[in-house]
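# Analysis of the macromolecular model
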Amino acid sequence: MKMEDIEIIRKVMKAEISSIKKQEQQLNSNKEEFNLIIKEILTLKGHLIIMGVGKSGHIGKKLAATFASTGTPSFFIHATEAMHGDLGMITKDDLVIIISNSGETSEALAPIDAIHRIGARIIALTGQEHSTLARKSEFLLEVQVDREADTFNLAPTNSSTSVLVVGDSLALAISVLKNFTEEQFGMYHPGGALGRKLVEEGKL
């Protein structure tokens, strides 16, 4: 690998790190909305459902898994599949997080009216506070970046990484506030190397 190749990699890494730092710096301005969302999830009677398409969908799957494994019952629904029957997975007691950086992705917007008819509430996880998604949701969690990390400012990189970090942070904060224990963690992770470690430590 040539030196200039390494510099390209370093530049991308720096761009993504900078985007994450921006989310940390914006925490105070977003504090009120974060507190509302934390309260909603802590008092949730149903499931936390995460929805998206494309790269946002991939991030959504990971976040649903993180919430579920740290004490908040959660699962992912692909926004397109929602319009073809998967809306039946949603109840009035659920809370739905819809991820769309632009807040204008047609597939992500399509289920909103149906979700409201069911009676569930929606959190918009978007980079655009004035977007359609933000306006049609009960809660807004803005994760805004200046640009993406690629040369053309097109590939979801800084935005998707920032959403992942914010979502992970929210999941783990709620886990702490729920007093989620190591024993409970072990209950949800019985398999693989992690499961063996927990067995050896007497956590399972």
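So, a few notes on the structure that sits alongside this text. (Residues numbered from 1 in each chain as written. Predicted model: local features only at pLDDT ≥ 70, side-chain atom pairs only at ≥ 80, totals over all residues. Heavy atoms only, no water.)

### Remarks on the packing of aromatic side chains
Note the following rule: Pairing of aromatic rings covers Phe, Tyr and the six-membered ring of Trp, with a centre-to-centre limit of 6.5 Å; geometry is then stacked below 30 degrees between planes, edge-to-face above 60, and tilted otherwise.
With the rule as written, the count across this model stands at one aromatic pair. Aromatic pair Phe180 and Tyr188: ring centres 5.9 Å apart, planes at 20°, arrangement stacked.

### Some words on the sheet that holds strand E3 (residues 95-99)
Strand pairing in a sheet relies on backbone hydrogen bonds. The paired strands run either parallel or antiparallel. The line we're drawing: Note: two strands are recorded as paired if DSSP finds a minimum of 2 bridges between them. Each helix corresponds to a stretch of at least 4 residues labelled H or I by DSSP, and each strand to a stretch of at least 2 residues labelled E; elements are numbered beginning at the N terminus. Note on definitions: angles span 0 to 180 degrees between N-to-C directions of axes, and those axes are lines fitted to C-alpha atoms, for helices only across the stretch in contact. Any pair of residues with heavy atoms lying within 4.5 Å of one another is described as a contacting pair.
Ordered in space as E2-E1-E3-E4-E5, the five strands form an open sheet in which the pairing is parallel. The sheet is open, and its two borders are formed by strand E2 (74-78) and strand E5 (139-142), each paired with just one other strand. Neighbour-to-neighbour, the strand axes of this sheet turn through a mean angle of 25°, independent of strand direction. Where strand E1 (residues 48-52) meets E3, four bridges bridge the pair, whose relative direction is parallel. Of the residues in E3, the one forming a bridge with Ile50 is Ile97. Strands E1, E2 and E3 of the sheet are contacted by helix H3 (residues 54-69), whose axis makes an angle of about 165° with E2.

In short, the description is geometric, and any link to function would need to be established separately.
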